[in-house]
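Now for the letters of each chain:
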Amino acid sequence: MNRESKMSATIQTLEPPERPPTTMTSRLDGELMEVSMGPQHPSTHGVFRMNVALEGEIVRKLKPVFGYLHRNHEKIGENTSYLGSMPYTDRLDYFCSMTNNWAYALSVEKLAGIEVPERAEYLRVILAELTRLQNHASLLGFLLSDMGAWGTPLMYAFREREKILDLFESLSGSRMMCDYMRFGGCRCDTPPGWMERANKIVDVFPRFLDEFEKLIVENEIVIARTQEVGKLSAELAINAGITGPMLRACGVNYDIRKVDGYGFYPRFKFRVPLGEHGDTYDRLMMRALEMRESVGILQQAFEQIPAGPIVNPKVKIRAFRPPVGEAYGRIEGPKGELGFYLISDGGTNPYRYRVRPPSFINLTLLEDLCLGHTVADVMVILGSVDIVMGEVDR
Amino acid sequence: MAAKPQIVPSPPKAFRADPPAFLVTMESLQEIKARAEAAVSGAKIDIVPNPGPANQPSLLIDNGHAAAVARFLRDDPALRLDFCSNATGVDWLDRTIKKTVKVKKVVDGVEKEVEETTEEKIPGHLEAVYHLCSMTHKHGPVIIRMRTADRAEGARLPSLTPVWRSAEFQEREIFDLYGVRFDGHPDLRRILMWDEFVDHPMRKDYRDPDDYEYEPTPHDEVLEKATKHYAARPQLDGAEALRIGESVNRDP
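Residues numbered from 1 in each chain as written. Chains lettered and ligands numbered in written order. Predicted model: local features only at pLDDT ≥ 70, side-chain atom pairs only at ≥ 80, totals over all residues.

Caption draft 1: Region of the structure containing the overall build of chain B. In terms of helices and strands, chain B carries 4 helices and 9 strands. Start at the N end of chain B and walk to the C end: the helices and strands fall as α-β-β-α-β-β-β-β-β-β-α-β-α. Within chain B, the proportion of its 252 residues that are buried is 31%. Taking contacts inside chain B between residues at least 6 apart in sequence as the whole, the part at least 24 apart equals 55%. (Helix = DSSP H or I, 4+ residues; strand = E, 2+ residues; numbered from the N terminus. Buried ≥ 20, exposed ≤ 12 C-beta atoms within 10 Å, placed from the backbone. Contact = placed C-beta atoms within 7 Å.)

Okay, here's the thing in structure tokens:
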């Protein structure tokens, strides 16, 4: 009581302030603010930085900054034997070590003219499609996490991913750093019962997809945050070398599994999902639809896989020297076209070892996608590009 | 759920896929070369053979007409190489190529086949290699390459980023790691290394700097390096107190 009365008394004794009225304009109006987003940020999927010029909340300029994880993978590859680089390719895109292995093995096989036994090719297809399943599932989980759905959807996706990683572990000895492929085949045959386990996991995967798609497809928040955000035209996407689900979301029918027909992909029936709008929502849906097709490929592969040797016995392991020449091999990785360009001078080490990283080149258009959108949208757009910094920075 | 059998007989031979049809080009490189030279006046294109089993020969394009030839390759309706998949650099040091050719010679009045070895010296140069594919026609790759005159610091090449945007980051990477300057590139900066870095780490004669932190108990060649690195510096007070093998954070 006392205190209140005192306060009201003092307020009454105060004189009205003498200051000029504030104007509606300030010197900050129309000025761009430069913000450095990253490199330590949960939504940048690693150490990635963007220098963003903002007008209020709207992005007017965006320059990605790379190199925080750069260890000059290509130089290391040039100073190592051909096989010595195989475990190192696991560390490029550490989500998809199996596809990295395959792309590298495929390029060396082109370079040296090596044939691969049938069972090994089937195993490669199975492992690549399993990799695609777990990569796309965890990408969707991460993307929902970026949109503010903390934890739950990501854990749903990781539950499925764990099952596939367990398969990888029992096959290769390691969950993520598999180092499984060899030139002319694979390292070891499947342990007893592996195929049945894999078959069971794949058979129940559509149940997870049904549930997970329900979380996304008609989710009001997802639609509001992703539709018409980060639109990309097909012409620009082709010109900028965008590959993978990000390209197909623009409606361009280009899937290297179909175009090159490497491995035994021509033996499998599967469709290539295509988007219509090229926006973030389509990119998201591409992943969900591709997982369904991967399940189909896997089921066909489990039925067709023959018995037989898993590695070409003619390939030398020690002192492996491909003939002089060069080769570029590529596969459809989960993130896009993953290629290896190798030049051999006849020695045990490659003269030139180059990785064509899909997520690095898909980032070319990050600025174009983000211009005119808000800061919060940048994280969603970046998430839909699907980057892994181990591959971007190499 | 009944588990499916693990081993089933191999599918019939007729079902067997053809070998991966990667080199599905509409026309041979000779035809592409001839048409490109006809379309771009003054352009000089050589075919670089690839002796390996990959069978991927490439086109060497002269730097003066590279952009025009690239536009032709992109826009020609039969080729439509609209997708530049991969752009990368290669560092070639000075090398000599030995060629052995069998020549018929008359020795002592008798015609004999004699092997003659010729040596060709190729001065070192830097190379930019582009792998082009067509998303419209789904064929490729056509490989084109450009060569700098030498490996000097200011080696230059024309940029193909105005033709294919996908070369933007990749040419920056070539500049960063190989030191090729691309004329006409919109934003040529280092991309993987930091801006203050000197030298280009992917060059074959690159020597890594001597500024890394040494291990706490150095031995062998590291000890040798560390001895030089931690050489006494009397000009700095107290600096000579730091010796090899002693912990830096020792108690006073």
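The rest of the description comes next.
Caption draft 2: Here's a closer look at the sheet that holds strand E6 (residues 125-133) of chain B. Residue and element names in this part refer to chain B. Spatial strand order, E1-E2-E7-E6-E3: 5 strands in an open sheet with mixed pairing. Both edges of this open sheet fall to strand E1 (45-48) and strand E3 (83-92), since each of them pairs with a single strand only. Shown here is a sheet whose adjacent strand axes are inclined to one another by a mean of 25°, direction ignored. Of the pairings in the sheet, the one linking E1 to strand E2 (residues 58-61) comprises 4 bridges and is antiparallel in character. Looking at E2, one finds that Ile 47 is bridged to Leu 59. (Pairing = 2+ DSSP bridges. Axes fitted to C-alpha atoms, helices over the stretch in contact; angles between N-to-C directions.)

Caption draft 3: Seen up close, helix H4 (residues 97-112) of chain A. Residues and elements named next belong to chain A. Helix length check: H4 (16 residues) gives 22 Å between terminal C-alpha atoms against 22 Å at 1.5 Å per residue, within 8%. The buried count for H4 comes to 16 of 16 residues, which makes it a mostly enclosed element. Positive phi appears at Gly 113, one or two residues downstream of H4, with a value of about 65°. (Expected span 1.5 Å × (residues − 1).)

Caption draft 4: Examining the interface of chain B and chain A more closely. Counting from both sides, the interface comprises 43 residues of chain B and, opposite them, 52 residues of chain A. Here the element with the most residues in the side of chain B that touches chain A is E3 of chain B; it accounts for 6 residues. Class assignment for the residues of the side of chain B that touches chain A results in 27 nonpolar, 11 polar and 5 charged. (Nonpolar A, V, L, I, M, F, W, Y, C, P; charged D, E, K, R; others polar.)

Caption draft 5: Structural detail: the pairing of strand E4 (residues 95-107) of chain B. Residues and elements named next belong to chain B. By the criterion of burial, E4 is predominantly exposed, with just 0 of the 13 residues buried. Of the pairings in the sheet, the one linking E4 to strand E5 (residues 110-122) comprises 13 bridges and is antiparallel in character. In the sheet register, Lys 105 faces E5, and the bridge partner there is Lys 112. Counting the residues between successive antiparallel strands, the hairpin from E4 to E5 contains 2 residues, one of them, Asp 108, with a positive phi of roughly 55°.

Caption draft 6: Main features of unusual backbone geometry. All names here are of chain A. Even without glycine at this site, Asp 179 takes up a positive phi of about 50°. Along the polypeptide, Asp 179 turns up in the loop between helix H6 (152-172) and strand E4 (181-182). Although it is not a glycine, Asp 386 sits at a positive phi angle of roughly 70°. Classification of Asp 386 as buried rests on a count of 27 C-beta atoms within 10 Å.

Caption draft 7: Structural context of the sheet that holds strand E8 (residues 352-356) of chain A. Residues and elements named next belong to chain A. Overall, antiparallel pairing links the 3 strands, which are arranged E6-E7-E8 in an open sheet. The sheet is open, and its two edges are formed by strand E6 (325-333) and E8, each paired on a single side. Each strand of the sheet is rotated relative to its neighbour by a mean of 10°, with strand direction disregarded. The pairing of strand E7 (residues 336-344) with E8 spans 5 bridges and is classified as antiparallel. When the sheet's bridge partners are listed, Ile 343 is paired in E8 with Arg 352. The strands that H4 touches are E6 and E7; relative to E6, the one it contacts most, it runs at about 150°.

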